[in-house]
Amino acid sequence: MRPTQASAGRCHLCGAGPLDLVPDYGGLGRVTSDCKPWPRGGWLGVCPGCAAVQKVIDPAWHEECAAIYRAYTIYHQSGGVEQPVFAPETGAAASRSSRLVGQLTAHVGLPETGRLLDVGSGNGALLRAFHQAAPRWALVGTELGDKYRAEVESIPGVEAFYNCPAGDVPGRFTMVSMIHVLEHVPGPGQFLEDLGRKLNEGGLLLLEVPDHRQNPFELLIADHASHFTAEALAAVVESAGFEVIAAARNWVPKEISLVARKAAGNPPRRPSETPAAVLAAVSLRVRWLRSVTEAARGVRRDGPFGVLGTSIAGTWLFQELDGEVDFFVDEDPHRAGRQYLGRPIYAPAQVPPGGRVFIALPHPIAAHVRERLGRYPGYSCHLPPTG
Ligand SMILES: [Zn+2]
């Protein structure tokens, strides 16, 4: 049964309820976190107590997630290679994990030796980058299945791979990392509290989650239980028995990076924004998403039409435009030359003359991309609305 305002359920972080539903969210198509189109029909809400933005976690949501995870394929657009991120300062490309580990060592520092537990290690992108920066650490990865076992076990420094819940992994660790994991977890406070037991006294927690303030497209991901801001993430982490030592929105573009140390006895943090203000801001982001589709429809005229981006936003827009897209464009050399959703992916230099390319990214990032693509005068690039 579809939730109504009265039956929208309780917050999966603090238990307050019912959630205030975000108007019109259910009219938007969605995507899975592994970048596949997913039908409309989701429910997004804001907690009237702690102001956390979240999905309505009901049996229908759990069923959708189970279906998504059964078919999960990480980075399928590039044959399994992690996507690059582009440094805002220089435009230089690096893998997301190596950028994150670089920022971690620069801002927090790492002991010469230690043990890292990477929860939800995927195909081992973080472990690989971590070994480069800290070759004397022993590394352990976990995933719920064995799909990537051989790949992870082959990474230098990896001592073991487990396909069990993190709490069942033997031993204690100097650091626990969760890269794009916590947003999937119902009840993240309890989850972090349990995870804290795997850490040595003073051990470190490294979290990476998407930031819907920088990237509203993140709200469209069906299997994300929570949509964090830096403040909301810090509040959950502190309530689970950690002290935040770094929280950054610029280590990796569009994402929140947080490092915390195990420490008992934090006073609970009060939300800095009221639930009403958060609901208003998220409702505006949902309206902006609708305006993106309208803007892209306006750009699609005679001549070849393409969408730049083959991740969350590009996949979603393809679906919203009913597939009326001739090609994709991607700056990632691992993706250019492949097919995606039955369309070719071109590198920026390969776009047909006279083509119109809509940049499916948050506005400020899209503006940087258009600058980079300005050196190809044969086609035009179009930005999403500001907002
Ligand atoms: Zn709450």
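How each quantity is defined
- Residues numbered from 1 in each chain as written.
- Predicted model: local features only at pLDDT ≥ 70, side-chain atom pairs only at ≥ 80, totals over all residues.
- Heavy atoms only, no water.
- Helix = DSSP H or I, 4+ residues; strand = E, 2+ residues; numbered from the N terminus.
- Rg over C-alpha atoms; globule rule 2.2 N^0.38 Å.
- Buried < 20%, exposed > 50% of the residue type's maximum accessible area, 1.4 Å probe, protein only.
- Areas by Shrake-Rupley, 256 points an atom, 1.4 Å probe, with all protein chains shown as cover.
- Lys, Arg positive; Asp, Glu negative; His and termini not counted.
- Charge placed at Lys NZ, Arg CZ, Asp CG, Glu CD.
- Pairing = 2+ DSSP bridges.
- Right-handed = clockwise from strand over helix to strand, strands pointing away.
- Donors = N, O, S within 2.8 Å, 3.2 Å for Na, K, Ca; no water.
- Tetrahedral: all angles 85-135°; square planar, octahedral: opposite > 155°, others 65-115°.
- Salt bridge = Lys/Arg side-chain N within 4 Å of Asp/Glu carboxyl O.
- Axes fitted to C-alpha atoms, helices over the stretch in contact; angles between N-to-C directions.
- Contact = heavy atoms within 4.5 Å.
- Parallel < 35°, antiparallel > 145°, perpendicular 65-115°, else oblique.
- Left-handed = near helix turned anticlockwise from the far one by under 90°.
- Nonpolar A, V, L, I, M, F, W, Y, C, P; charged D, E, K, R; others polar.

Draft legend 1. Representation of the overall build of the protein. Scanning the protein from terminus to terminus reveals nine helices and 21 strands. Its C-alpha atoms give the protein a radius of gyration of 21 Å, near enough to 21 Å, the size a compact globule of 387 residues would have. Projected onto its principal axes, the C-alpha positions of the protein cover 65 × 50 × 35 Å. Split into buried and exposed, the 387 residues of the protein put 51% on the buried side. In the structure as shown, the protein presents an accessible area of about 16100 Å², 54% of it carried by carbon and sulfur atoms. Between the averaged position of the 37 positive side-chain charges in the protein and that of its 39 negative side-chain charges there is a distance of 2 Å.

Draft legend 2. View of the pairing of strand β9 (residues 138-142). Extensive coverage of β9 is indicated by the burial of five of its five residues. Neither face of β9 is exposed, since Ala138, Val140 and Thr142 on one face and Leu139 and Gly141 on the opposite face are all buried. In this sheet, β9 lies alongside strand β8 (residues 115-119) in parallel orientation, the contact comprising five bridges. Bridge pairing in β9 links Leu117 to Val140. Traced from β8 through helix α3 (residues 125-133) to β9, the parallel crossover comes out right-handed.

Draft legend 3. How the structure looks around the coordination of the zinc ion. For the zinc ion, the full set of protein donor atoms is Cys11 (SG), Cys14 (SG), Cys47 (SG) and Cys50 (SG), and the range of their distances to it is 2.3 Å. Here the zinc ion binds four donor atoms, and the angle range of 101 to 116° at the metal identifies the geometry as tetrahedral. Counting gaps between the donor residues of the zinc ion yields the pattern C-x2-C-x32-C-x2-C. Taken together, the residues Cys11 in the segment before β1 (20-21) and Cys50 in the loop between β4 (44-46) and β5 (53-55) connect sequence positions 39 residues apart.

Draft legend 4. Quick peek at the pattern of salt bridges. This model, assessed by the stated rule, comprises 17 salt bridges. The residue Glu64 makes a salt bridge to Arg30 at a minimum N-O spacing of 2.8 Å. Note that Glu64 is positioned in helix α1 (residues 59-70) and Arg30 in strand β2 (residues 30-31), a separation of 34 residues in sequence. Glu324 is the partner of Arg300 in a salt bridge, and the nearest nitrogen-oxygen pair spans 3.3 Å. Of this pair, Arg300 sits in the loop between α7 (275-299) and β16 (305-308) while Glu324 sits in the loop between α8 (312-320) and β17 (327-329); the two residues are 24 residues apart in sequence, bridging distant segments of the chain. Classification of Arg300 as partly exposed rests on a relative accessible area of 23%. Since its relative accessible area comes to 46%, Glu324 is described here as partly exposed. Linked by salt bridges that have partners in common, Asp146, Arg149 and Glu153 make up one network.

Draft legend 5. Structural view of the sheet that holds β8. The seven strands are arranged β10-β9-β8-β11-β12-β15-β14 in an open sheet whose pairing can be described as mixed. Two strands lie at the open edges of the sheet, namely β10 (158-162) and β14 (242-248), each paired on one side alone. Between one strand axis and the next, the sheet turns by 20° as a mean value, whatever way the strands run. Bridge analysis of strand β11 (residues 173-179) against strand β12 (residues 199-210) gives six bridges, and the strand direction is parallel. From the neighbouring strand, Met178 faces β12, where its bridge partner is Leu207.

Draft legend 6. Expanded view of the environment of Leu373. Its place among the elements puts Leu373 in helix α9 (residues 363-373). Residues Leu373 and Ala349 lie 24 residues apart in sequence; the distance between their C-alpha atoms is 8.6 Å. Setting aside its immediate chain neighbours within four residues, Leu373 contacts Leu308, Glu331, Pro348, Tyr379 and Cys381.

Draft legend 7. Fine view of the sheet that holds β1. Strand order in the open sheet made by the four strands is β1-β4-β5-β13, with antiparallel pairing throughout. Edge positions in the sheet fall to β1 and β13 (226-227), since each of these pairs with one other strand and no more. Here β5 runs beside β13; their pairing, made up of two bridges, is antiparallel. Note that in β13 the partner of Gln54 across the bridge is Ser226. Across the sheet, α7 is in contact with β1, β4 and β5; its angle to β4 comes to roughly 150°.

Draft legend 8. Expanded view of the packing of α7 against α8. α8 packs onto α7 with a crossing angle of 65° between their chain directions and a minimal axis gap of 10 Å. When the interaxial angle is binned, α7 and α8 end up roughly perpendicular. In terms of crossing hand, the pair formed by α7 and α8 is right-handed. Taken together, the residues of α8 that come into contact with α7 (itself represented by Leu289, Val292, Thr293, Ala296 and Arg297) are Trp316, Leu317 and Glu320. For the contact of α7 with α8, the per-class residue count stands at five nonpolar, one polar and two charged.

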